[in-house]
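One letter stands for each residue in the lines below.
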Amino acid sequence: MLRATVIRAVWASRKLPDLPSGAFLEVEVADTGSRIVAFDTLGCGVGEQVLVVQGAVAAAQFPAPPPPIDALLIGSIDPPAAENATG
């Protein structure tokens, strides 16, 4: 599992009909600076900290036959409690 930050949406006007509903997002992996495109079904936004899985486990989250997805956002990381405090 990778921790990453959403950088931008990646628009694909044409895509395979087998893909489930969702969006492609470019994310920057924490501590490496590398960027990958991940599939998002959660509705995450730019600047959001996320958790990403890759490989067969990403595609296995969908009904058979698995779609051709290599990276999937599986969670949105909440800021620490101190940052959530309202006062």
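Rules behind the numbers
Residues numbered from 1 in each chain as written. Predicted model: local features only at pLDDT ≥ 70, side-chain atom pairs only at ≥ 80, totals over all residues. Heavy atoms only, no water. Salt bridge = Lys/Arg side-chain N within 4 Å of Asp/Glu carboxyl O. Helix = DSSP H or I, 4+ residues; strand = E, 2+ residues; numbered from the N terminus. Buried < 20%, exposed > 50% of the residue type's maximum accessible area, 1.4 Å probe, protein only. Pairing = 2+ DSSP bridges. Phe/Tyr/Trp six-rings, centres within 6.5 Å; stacked < 30°, edge-to-face > 60°.

> Hey, could you go over the pattern of salt bridges for me, with residue numbers and the actual values?
Within this structure, the stated rule accounts for 3 salt bridges. For Glu-26, the salt bridge is made with Arg-8, and the minimal N-O distance between the two is 2.6 Å. With Glu-26 in strand S2 (residues 23-29) and Arg-8 in strand S1 (residues 2-10), this residue pair connects regions lying 18 residues apart in the sequence. Arg-8 gets classed as partly exposed once you look at its relative accessible area, which sits at 44%. Here Glu-26 and Arg-35 are joined by a salt bridge, their closest N and O atoms 3.6 Å apart.

> Which residues make up the pairing of strand S4 (residues 49-54), and what values go with them?
In terms of strand pairing, S1 meets S4 through 4 bridges, oriented antiparallel. The partner of Arg-3 across the bridge, within S4, is Leu-51. Where S4 lies against strand S5 (residues 71-76), 5 bridges are found, and the strand directions are antiparallel. Residue pairing in the sheet places Val-50 in a bridge with Ser-76 of S5.

> Just give me the short version of unusual backbone geometry, but keep the residues and values in it.
Cis rather than trans, the peptide bond between Ala-64 and Pro-65 has omega equal to -10°. Position of Pro-65 among the secondary structure elements: in the loop between helix H1 (56-59) and S5. Positive phi, close to 70°, is recorded for Asp-31, a residue that is not glycine. Inspection of the secondary structure puts Asp-31 in the loop between S2 and strand S3 (35-40). On the accessibility criterion, Asp-31 (86% relative accessible area) is exposed.

> Give a detailed account of the packing of aromatic side chains, specifying residues and quantitative values.
Geometrically, a pair of aromatic rings is defined through the distance of the ring centres and the angle of the planes. Inspection of the entire model under this criterion finds 2 aromatic pairs. Aromatic side chains Phe-39 and Phe-62 sit 6.3 Å apart centroid to centroid with 75° between the ring planes, which places their arrangement in the edge-to-face category. Highlighted residues: Phe-39 in strand S3 and Phe-62 in the loop between H1 and S5, separated in sequence by 23 residues. We classify Phe-39 as buried; its relative accessible area is 1%. By relative accessible area, which is 17% here, Phe-62 ends up buried. Site record: aromatic cluster; members linked through ring pairs are Phe-24, Phe-39 and Phe-62.

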